[in-house]
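# Structural features, examined
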Amino acid sequence: MLTKRIIPCLDVDSHGRTVKGVQFQGLRDVGDPLEMALRYQEQGADELLFLDISASHEGRETMVSLVERLSEVLMIPFTVGGGISSLQQVLRLLSAGADKVSVNTAAVQSPSLISEIADACGRQCCVLAIDARFWKRTDRPVWQVLTRGGRTETSMDAFLWASQAVELGAGEILLTSWDRDGTRSGFDLELNRYFSDNLSVPVIASGGAAGPQSFVEVFAEGNADAALAASIFHDGEYSISQLKDVLHNAGIAVRVL
Amino acid sequence: MNSSASSLLQVIDYGGGNLGSVCRCLNRLKIPYQLVGAEEQPALSDQLPVLLPGVGSFSGLMEKLAQRNLLEPLQSLLKAGVPYLGICVGLQILFEVSEESPGVAGLSILPGPVQKLKASKVPQIGWNYIEPCQMESPSGYVYFVNSYVAHPAEPQVLWYTAEYEQRFCAAIRHQNITAVQFHPEKSGVFGHQMVLDWWQSVC
């Protein structure tokens, strides 16, 4: 049967280094993305996500050259995102060797970007990233879309946006809980379950990863198809193979090496 | 086919998306290859093994092969016993028809249709466990991205199956033809080993 995927996320700065945000202290260098990617691949990561957090011209160039080097050595799929706003950028990243791209703010501003990518490259290449924050409870729970890395509020219902994006051609939804992101208090199970049960494409849960048990929960109760995390892997609290052992023992189907 | 002539793999450049990934996989495995079929490239030869990496739609791949005048040479070398490895849509077009592209004929080397996956989430995206139908093949996890699957009319061509709310054809192997629905080039060490094993069996 199809297994649940574990996806480490690497935030890459304009110098081509992996960084992580530290509260009130800005960014800390945590390593070389190529070395980290190889380590995660070795440990059994199912895919990798690289985010250009600089959203600058320099950062875009750095990312293209990193993607070229990654594609030589990675034997698993990888996605690239962060500041992607045109089909031209997408084509450049895919031809450099990325398997998929993720789009976020630019797709909110111009939803046709999703159909342009899907038409030109296939929907399997197009991941829509949504930053969602709890909004209100009507006859169902409603989450609000945030853009620009959580800095800008919109009046969009995140679930309706995801549904529209799937119709436009998004092949997967990368769903980040803005209520949980960075808290290490576990994934938002209600959010993930609502999206996963009501969408016809895979949902990648993000935001709130804590101990291995939080992954068991997001798969068993949140019905997510994949789960993404950064710091817990970068900090080496546990390896991906240790995490997968826990998942396997809990009866969750995962790829074990 | 003599062994010196077959020590080079022909990769059909049909202008599709995963060509680069497949070439990088061959580089990692140190399998010597040349791209064939596009302008200013060698023509498809019936003296060398052939790899067709296919992504996109059934009709899209058939059209691109037709535009490059590759359909007839491909069909005749498949029938002549030239070793062939097809990936993804490179498996599907071996069959007669596909629900994805009504009215478009496939290469019709193998009898049977290609049909849409009946599952709650389509496309299937991710790692699935494949189990061999033929002796002495290892089972393992491989990476799939597909909305359609082949339904071979002759079950003896099945090489691997997997489960996605239904059991489906994950790979076929019949005489000179090997084809996989998944992406070995993205399937870690296990997928790379499959490509290498195939190459060593034909070169």
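Residues numbered from 1 in each chain as written. Chains lettered and ligands numbered in written order. Predicted model: local features only at pLDDT ≥ 70, side-chain atom pairs only at ≥ 80, totals over all residues.

### Observations regarding the overall build of chain B
Assigned secondary structure in chain B consists of five helices and 12 strands. For 203 residues, the compact-globule formula gives about 17 Å, and the C-alpha radius of gyration of chain B, at 16 Å, lands near that figure. Each principal axis of the C-alpha atoms in chain B carries an extent, and together these give about 45 × 35 × 30 Å. Residues classed as buried in chain B amount to 48% of the 203 residues present. Long-range pairs, those at least 24 residues apart, make up 67% of the contacts in chain B between residues at least 6 apart in sequence. (Helix = DSSP H or I, 4+ residues; strand = E, 2+ residues; numbered from the N terminus. Rg over C-alpha atoms; globule rule 2.2 N^0.38 Å. Buried ≥ 20, exposed ≤ 12 C-beta atoms within 10 Å, placed from the backbone. Contact = placed C-beta atoms within 7 Å.)

### Side note on the overall build of chain A
Across its full length, chain A carries 10 helices and 12 strands. Over its C-alpha trace chain A gives a radius of gyration of 17 Å, about what one expects of a compact globule, namely 18 Å for 257 residues. Taken along the three principal axes of its C-alpha coordinates, chain A extends 50 × 45 × 40 Å. Look at the contacts in chain A between residues 6 or more apart in sequence, and 64% of them connect residues 24 or more apart.

### A closer look at the environment of Asn 223 of chain A
Residues and elements named next belong to chain A. Relative to the assigned elements, Asn 223 resides in the loop between helix 8 (212-220) and strand 12 (226-229). Expressed as a C-alpha distance, the spacing of Asn 223 and Leu 38, which sit 185 residues apart in the sequence, is 28 Å. If we skip the residues at most four places from it in the chain, Asn 223 touches Asn 192, Arg 193, Ser 196 and Asp 197.

### Thoughts on the interface of chain B and chain A
At the junction of the two partners, chain B supplies 24 residues and chain A supplies 23 residues. If you list the elements that add at least two residues to the side of chain B that touches chain A, you get helix 1 (19-29), strand 7 (124-132), strand 8 (140-146) and helix 5 (188-202) of chain B. Here the side of chain B that touches chain A takes six residues from strand 7 of chain B, the largest share from any one element. Here the residues of the side of chain B that touches chain A sort into 11 nonpolar, nine polar and four charged. (Nonpolar A, V, L, I, M, F, W, Y, C, P; charged D, E, K, R; others polar.)

### Looking at the nonpolar core
Of all hydrophobic cores here, the largest spans 81 residues; its most connected members are Val 101, Leu 128, Ile 173, Ile 204 and Ala 227 of chain A. Once residues within four sequence positions are removed from consideration, Ile 173 of chain A is found in contact with Leu 128, Ile 130, Ala 162, Phe 195, Leu 199, Val 201, Val 203 and Ile 204 of chain A. Formed by 65 residues, the second largest nonpolar core is a distinct cluster that contains Leu 91, Tyr 148, Tyr 164 and Ala 170 of chain B. (Core = buried A, V, L, I, M, F, W, Y, C linked by C-beta atoms within 7 Å.)

### Observations concerning the sheet that holds strand 9 (residues 148-150) of chain B
Residue and element names in this part refer to chain B. One open sheet holds the three strands; their spatial order is 5-6-9, and the pairing between them is mixed. The open sheet has two free edges, formed respectively by strand 5 (97-98) and strand 9, since each of these has just one partner strand. As paired elements, strand 6 (residues 113-116) and strand 9 share three bridges and run antiparallel to each other. Residue pairing across strands places Gln 115 opposite Val 149, the latter belonging to strand 9. (Pairing = 2+ DSSP bridges.)

### Some details on the pairing of strand 8 of chain B
For strand 8 of chain B, a buried count of seven out of seven residues is recorded, marking the element as mostly surrounded by other parts of the structure. Because side chains alternate across strand 8 of chain B, one face comprises the buried residues Gly 140, Val 142, Phe 144 and Asn 146 of chain B, and the other comprises Tyr 141, Tyr 143 and Val 145 of chain B, equally buried.

### A short note on the sheet that holds strand 2 (residues 33-36) of chain B
Residue and element names in this part refer to chain B. Here we have nine strands laid out as an open sheet, ordered 2-1-3-4-12-11-10-7-8, and mixed in their pairing. The open sheet has two free edges, formed respectively by strand 2 and strand 8, since each of these has just one partner strand. For this sheet, the mean angle separating the axes of adjacent strands, direction not counted, is 30°. Bridge analysis of strand 7 against strand 10 (residues 158-163) gives two bridges, and the strand direction is antiparallel. Bridge pairing in strand 10 places Glu 131 opposite Thr 161. Sitting on the sheet, helix 5 is in contact with strand 1 (9-12), strand 4 (84-88), strand 8 and strand 12 (177-180), with an inclination near 95° to strand 8. (Axes fitted to C-alpha atoms, helices over the stretch in contact; angles between N-to-C directions.)

### What about unusual backbone geometry?
Trans peptide bonds make up the majority, and among non-glycine residues the majority have a negative phi. Cis peptide bonds are those with omega within 30 degrees of zero, and the linkage from Val 122 of chain B to Pro 123 of chain B qualifies with 5°. Considering the arrangement of structural elements, one finds Pro 123 of chain B in the loop between strand 6 and strand 7.

### Side note on the packing of helix 1 (residues 33-43) of chain A against helix 2 (residues 57-73) of chain A
Residues and elements named next belong to chain A. Where helix 1 meets helix 2, the closest approach of the two axes is 10 Å, and the angle between their N-to-C directions is 30°. Overall, the two elements helix 1 and helix 2 adopt an arrangement that is roughly parallel. In the crossing of helix 1 with helix 2, the sense of the turn from one axis to the other is right-handed. Between helix 1 and helix 2, the residues in contact are Pro 33, Leu 34, Ala 37 and Leu 38 and Leu 66, Arg 69, Leu 70 and Val 73, respectively. Considering only residue class, the contact of helix 1 with helix 2 consists of seven nonpolar, no polar and one charged. (Parallel < 35°, antiparallel > 145°, perpendicular 65-115°, else oblique. Left-handed = near helix turned anticlockwise from the far one by under 90°.)

### So, helix 10 (residues 240-249) of chain A
All names here are of chain A. Listing the buried residues of helix 10 in full gives Ile 240, Leu 243, Lys 244 and Leu 247. Around the axis of helix 10, the buried residues are gathered within 95° of arc, so they sit on the same side. Each element contacted by the buried residues of helix 10 is listed here: strand 1 (5-12), helix 1, helix 8 and helix 9 (231-234). One or two positions beyond helix 10, positive phi appears at Gly 251, with a value near 85°. (Arc of directions from axis to C-beta.)

### Things to note about the packing of helix 2 of chain A against helix 3 (residues 87-96) of chain A
Think of two packed helices as two axes; the pair is described by the angle between the axes and how far apart they sit. All names here are of chain A. Where helix 2 contacts helix 3, the axes come no closer than 8 Å and their chain directions differ by 30°. Compared by their axis directions, helix 2 and helix 3 come out roughly parallel. Contacts from Arg 60, Val 64, Val 67, Glu 68 and Ser 71 in helix 2 reach Gln 89, Arg 92, Leu 93 and Ala 96 in helix 3. Here the residues of the contact of helix 2 with helix 3 are counted per class, giving four nonpolar, two polar and three charged.

### With respect to the confidence of the model for chain B
When pLDDT is averaged along chain B, the result is 94; 97% of the residues meet or exceed 70. Scored as a whole, the predicted complex attains pTM 0.95, and scored at its interfaces, ipTM 0.95. (pLDDT = per-residue confidence, 0-100.)

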